[in-house]
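# Coordinate inspection notes
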Amino acid sequence: MKRLNPFLCLLSLLGVAAYLVTASSAFAVVLHLPGRTLGYQPPNSQSATTTKRASAESKRLTYHGGPVMTSNTNYPLFWAPSGEAAYPAGYVSGIDRWFGDLAHDSGGRLNTDSVLVQYGDSEGGFGNYSSHFGGPLIDTDPYPASGCKAAAVCLTDEQLRVELQSYVEGHALAADLAHEYFVLLPPGVSTCYEASGHQCSEGTAHFKYCAYHSFFKVGSETFLYVDLPYDDTPECVAESPNESPSDYAISGGLAHEHSDTVTDPEFNAWISEKEEEIADKCRSSNVLKEMGPALGTAPDGVPYNQLINGDEYLYQQEWSNEQGACEQRTALPPVVKKIAPKKGPAAGGTRVTVTGSGFLGSVTVDFGATPGTDVKVANGNSLTVLSPEGSGEAVVTVRTEAGVSAAGKKTVFIYKPPKKAKK
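Read on for a plain summary of the structure.

## Examining the overall build of the protein chain
Looking only at helices and strands, one finds six helices and 28 strands in the protein chain. The burial tally for the protein chain puts 54% of its 423 residues in the buried class. The contacts of the protein chain with a sequence gap of at least 6 include a subset with a gap of at least 24, amounting to 71%. Summed over all atoms, the accessible surface of the protein chain reaches about 17900 Å², with 55% contributed by carbon and sulfur.

Now the structure itself:
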């Protein structure tokens, strides 16, 4: 008999109290079909928000005894046979960049992967932010004859599984609970769960999902995979801070299904009583609530809420049992408690000590709309900065990758007017 981790037992019993954003209760986002289970990201039009206080039982994810991914090596598998539709310019490189960025910041607290680490399993493992990029996989095998009739080129889940197994085994790649394959299809290729074609991707009459994750076993091998048909419709995707179609895939299912798989790879780990996984609970028809507050604005004018390895992204939050809310990251925005001195000459150049919390990572300090210079971070609670030239009063704010500090009476710097020359 497996011994349950006492911490997990306690966590499973804890209730959380806050307002929540959930997927519509009109359907389950974990779908049980004969011989298989799928977890999918619904289109925005099929999601709903609620501001009613739900019971603690219905709000939280509960543990069901199965494993989580304690590390994740990710492979985007681009299946595009020669002579078939191609990916748009920038798509492949943008997907590779996101996986590389995620791996670069692995172990940090400044993106949604940091939310996953609170979810553990009965073996004592946790969904650690231990992310690795296995590199892109290029599959030029021809598509099989369409297994579904919902589109001109239409692949069933069974056809995806057959191709994935063939490719992975043919290239001696790993198939276990530490490796995941993201099958990315080019424009014009649709998928359906089954040959009946009643539940399919965008571009069909039965549009039910943007992407989905699942798994299957062959002997001792476990194949974790995600189906990501190409989609650039508003029902699935957010705006693109990089002006790249790869952003559509990231917001349209890639980030969502990655998080769901880490915390629930075999659909027996962390699920709510409504059969929602960690990302499903934050899927919403209200984009502002789904994404949460912006960190800033990209050069093209589009907001971003994730800064990973210095690159800007925009995609949904993940559900935190610990916070009882949807979160973008576990690192909290910085807080400024006091500044000293509070006055300085209009010419600038005053060395100001800023005390507070959350001064981590890349840190900038602004005096109103003007940035200070020579920022020196002593630790997460203290830094110094040289005041810029200015006049009147300026609110001092600290910006990190986790957000911007709030203004307050104790954060105002007053510029002394220049002394009048003696006659």
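There's more to say after this.
## Concerning unusual backbone geometry
Geometrically, the link from Ala 340 to Pro 341 is a cis peptide bond, its omega value of -5° lying close to zero. As for its position among the elements, Pro 341 is in the loop between strand E19 (335-340) and strand E20 (343-345). Residue Phe 267 is not a glycine yet carries a positive backbone phi of 60°. Residue position: Phe 267 is located in the loop between helix H5 (246-263) and strand E12 (270-271). What makes Phe 267 buried here is its relative accessible area of 11%. Even without a glycine there, the phi angle at Asn 309 is positive, about 55°. With respect to the secondary-structure elements, Asn 309 resides in the loop between strand E15 (306-308) and strand E16 (311-313).

## Quick look at the state of the cysteines
Within this structure, the stated rule accounts for four disulfides. A sulfur-sulfur separation of 2.0 Å characterises the disulfide bridge that pairs Cys 148 with Cys 154. The disulfide joining Cys 148 to Cys 154 has a torsion of about -105° about its S-S bond and is therefore left-handed. Across the pair, Cys 154 and Cys 148 agree in class, each one buried. A disulfide bridge connects Cys 282 with Cys 326, and the sulfur atoms are separated by 2.2 Å. Residues Cys 282 and Cys 326 are joined through a disulfide that is left-handed, its torsion about the S-S bond being -105°. On the criterion of sequence distance, the pair formed by Cys 282 in the loop between E12 and helix H6 (287-291) and Cys 326 in strand E18 (residues 325-327) is long-range, its members being 44 residues apart. Overall, Cys 282 belongs to the buried group, its relative accessible area being 0%. Sequential numbering of the bridged cysteines in the protein chain gives the disulfide pattern 1-2, 3-4, 5-6, 7-8.

## Looking at the sheet that holds E19
Strand order in the open sheet formed by four strands is E19-E21-E25-E24, and the pairing between neighbours is antiparallel. Pairing within the sheet leaves two strands with one partner each, and these edge strands are E19 and strand E24 (373-379). Neighbour-to-neighbour, the strand axes of this sheet turn through a mean angle of 25°, independent of strand direction. Of the pairings in the sheet, the one linking E24 to strand E25 (residues 382-386) comprises four bridges and is antiparallel in character. Within E25, the position partnered with Asn 379 by the bridge is Ser 382.

## Let's talk about the pattern of salt bridges
Using the criterion set out here, one finds nine salt bridges in the structure. One salt bridge in this structure joins Asp 157 and Arg 36, with 2.5 Å as the shortest N-O distance. Within this pair, whereas Asp 157 is found in helix H4 (residues 157-170), its partner Arg 36 is found in strand E2 (residues 36-41), the two being separated by 121 residues in sequence. Comparing Asp 157 with Arg 36 shows no difference in burial state: the two are buried. Salt-bridge contacts for Lys 217 lead to Glu 266; the nearest nitrogen and oxygen are separated by 2.9 Å. With Lys 217 in strand E10 (residues 211-218) and Glu 266 in the loop between H5 and E12, the pair connects residues that are 49 residues apart, well separated along the chain.

## Topic: the packing of helix H3 (residues 91-104) against H5
Running from amino to carboxyl end, H3 crosses H5 at an angle of 40°, the nearest separation of the two axes being 10 Å. Relative to H5, the element H3 is oriented oblique. The interaxial crossing formed by H3 with H5 has right-handed handedness. The segment H3 lies against H5, with Tyr 91, Gly 94, Ile 95, Trp 98, Phe 99 and Leu 102 engaging Ser 246, Ala 249, Ile 250, Leu 254, Ala 255 and His 258. Taken together, the residues of the contact of H3 with H5 break down into nine nonpolar, three polar and no charged.

## A look at the packing of aromatic side chains
Counting across every chain of the model gives 20 aromatic pairs. Geometrically, the ring pair formed by Tyr 193 and Tyr 212 is edge-to-face, given 5.2 Å between the ring centres and 65° between the ring planes. Linking Tyr 193 in the loop between strand E9 (190-192) and E10 with Tyr 212 in strand E10, this pair joins segments that are 19 residues apart in sequence. Each member of the pair, Tyr 193 together with Tyr 212, is buried. Cluster of aromatic residues (ring-pair linked, three or more members): Trp 98, Phe 99, Phe 133, Phe 182 and Tyr 315.

## Thoughts on the environment of Ser 362
Following the sequence through the fold, Ser 362 ends up in the loop between strand E21 (351-357) and strand E22 (364-367). For the pair Ser 362 and Arg 399, spaced 37 residues apart in sequence, the C-alpha to C-alpha distance is 8.2 Å. Those residues in contact with Ser 362 that lie beyond four places of it in its chain are Arg 399, Thr 400 and Glu 401.

Conventions adopted
- Residues numbered from 1 in each chain as written.
- Predicted model: local features only at pLDDT ≥ 70, side-chain atom pairs only at ≥ 80, totals over all residues.
- Heavy atoms only, no water.
- Helix = DSSP H or I, 4+ residues; strand = E, 2+ residues; numbered from the N terminus.
- Buried < 20%, exposed > 50% of the residue type's maximum accessible area, 1.4 Å probe, protein only.
- Contact = heavy atoms within 4.5 Å.
- Areas by Shrake-Rupley, 256 points an atom, 1.4 Å probe, with all protein chains shown as cover.
- Disulfide = S-S within 2.5 Å.
- Pairing = 2+ DSSP bridges.
- Axes fitted to C-alpha atoms, helices over the stretch in contact; angles between N-to-C directions.
- Salt bridge = Lys/Arg side-chain N within 4 Å of Asp/Glu carboxyl O.
- Parallel < 35°, antiparallel > 145°, perpendicular 65-115°, else oblique.
- Left-handed = near helix turned anticlockwise from the far one by under 90°.
- Nonpolar A, V, L, I, M, F, W, Y, C, P; charged D, E, K, R; others polar.
- Phe/Tyr/Trp six-rings, centres within 6.5 Å; stacked < 30°, edge-to-face > 60°.

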